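# Summary of structural features
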Amino acid sequence: MRKNIVAGNWKMNNNATQTKALINDLKVALEKVSANCRVLISPTSINLTSAVAATKGSVIEVSAQNMHQATSGAYTGEISANMLQDVGVKTVILGHSERRTFFGEDDTMLTEKVTTALENNLEIIFCFGELLEDRKSDNHFNVVESQLKNVVLALNASAWKNIVLAYEPVWAIGTGETASPEQAQEMHAFIRGLVEATYGKTLANNVSILYGGSVKPANAQEIFSKQDVDGGLIGGASLNATDFTGIITAF
Ligand code: 13P
């Protein structure tokens, strides 16, 4: 059966000192509660090694925010899947809307990244979601379907043990505007239906589908209570130990 997951995406926030401090605060906060879900944090790449060390022995897992599609070579400034594995990172976020928008990541590049990550035994949190104009023009289901069909729904079934999906409507990211629990459930059920149509019911039931976009302690419980919402990918609220713990305890 699928797992519930709360994953923090720190984006380009927190230097080394702040990373250690936030992990420490989070460890202290989590000792007082029982987390009924997997807990991940995604610091920037320069702080992954220290984050892995700082979280050792705790429930907190460390994921990366990105990686390059090539295994190695002349790609100045980039980080490979093997480098992530080597420092003890087991999960990578791919396809975030900010990577798609600001760094030109398209379905072709994301297919390469997903393939490379899987070849290196990394778990993937695969992000996708429609723009505001897509939703306004009632095109959101088509957009999401094509983002999935062009990348992860083309994989072999065996790859899916390492795939987590994260639906993040772009209009809800960092805007304070959340999809309603009903909108999230409607889309998550649609997504699970697409997985089922391609791979069958068992696999579809085992895939964790996270919601991302302005999740806060105040709205997490209602969103997570929906049948097909298996947790969240959290931006802003993951930068504060109390808020992030508040979201984790929504399960
Ligand atoms: P916010 O929670 O800040 O809206 O960010 C969501 C997100 O982009 C997580 O990847």
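Our structure is the block above this text.
All right, on to the side chain of Asp-228 then. Here Asp-228 is to be found in the loop between helix 10 (217-224) and strand 8 (231-234). Only 2.8 Å separates the side chain of Asp-228 from the side chain of Gln-185, close enough to count as a polar contact. For Asp-228, the contacting residues outside a window of four places in its chain are Arg-2, Gln-185, His-188, Ala-189, Arg-192 and Ile-209.

Where helix 1 (residues 16-31) meets helix 11 (residues 241-248), the axes come as close as 9 Å, and the angle between the chain directions of the two elements is 45 degrees. By the criterion of interaxial angle, the relationship of helix 1 to helix 11 is oblique. Helix 1 and helix 11 meet at a crossing whose hand is right-handed. Residues Leu-22, Asp-25, Leu-26, Ala-29 and Leu-30 of helix 1 pack against Ala-241, Phe-244, Thr-245 and Ile-248 of helix 11. Class assignment of the residues belonging to the contact of helix 1 with helix 11 gives a composition of 7 nonpolar, 1 polar and 1 charged.

Looking now at the site of the ligand. What surrounds the ligand is a group of 13 residues, the closest being Lys-11, His-96, Gly-174, Ser-214 and Gly-236. A distance of 3.1 Å is found between an oxygen atom of the ligand and a side-chain nitrogen or oxygen belonging to Asn-9. Protein contacts shield 96% of the accessible area of the ligand, which totals 310 Å² for the unbound molecule. Partitioned by chemical class, the residues of the shell around the ligand number 4 nonpolar, 7 polar and 2 charged.

This part takes up unusual backbone geometry. Its identity is not glycine, yet Lys-11 carries a phi of approximately 55 degrees, on the positive side. Structurally, Lys-11 is set in the loop between strand 1 (5-9) and helix 1. The residue Asn-14 is not glycine, and still its phi comes out positive at about 80 degrees. With respect to the helices, strands and loops of the structure, Asn-14 is situated in the loop between strand 1 and helix 1.

What follows is about the packing of helix 1 against helix 2 (residues 48-55). Contact geometry of helix 1 with helix 2 gives a least axis separation of 10 Å together with a crossing angle of 25 degrees. Classified by the angle their axes make, helix 1 and helix 2 are roughly parallel. The way helix 1 lies across helix 2 gives a crossing that is right-handed. Contacts between helix 1 and helix 2 pair Thr-19, Lys-20, Ile-23 and Lys-27 from the former with Ser-50, Ala-51, Ala-54 and Thr-55 from the latter. Partitioning the contact of helix 1 with helix 2 into residue classes produces 3 nonpolar, 3 polar and 2 charged.

About the thresholds
Residues numbered from 1 in each chain as written. Predicted model: local features only at pLDDT ≥ 70, side-chain atom pairs only at ≥ 80, totals over all residues. Heavy atoms only, no water. Helix = DSSP H or I, 4+ residues; strand = E, 2+ residues; numbered from the N terminus. Polar contact = N/O pair within 3.5 Å; in protein donor to acceptor, adjacent residues only side chain to side chain. Contact = heavy atoms within 4.5 Å. Axes fitted to C-alpha atoms, helices over the stretch in contact; angles between N-to-C directions. Parallel < 35°, antiparallel > 145°, perpendicular 65-115°, else oblique. Left-handed = near helix turned anticlockwise from the far one by under 90°. Nonpolar A, V, L, I, M, F, W, Y, C, P; charged D, E, K, R; others polar. Near = heavy atom within 4 Å. Areas by Shrake-Rupley, 256 points an atom, 1.4 Å probe, with all protein chains shown as cover.

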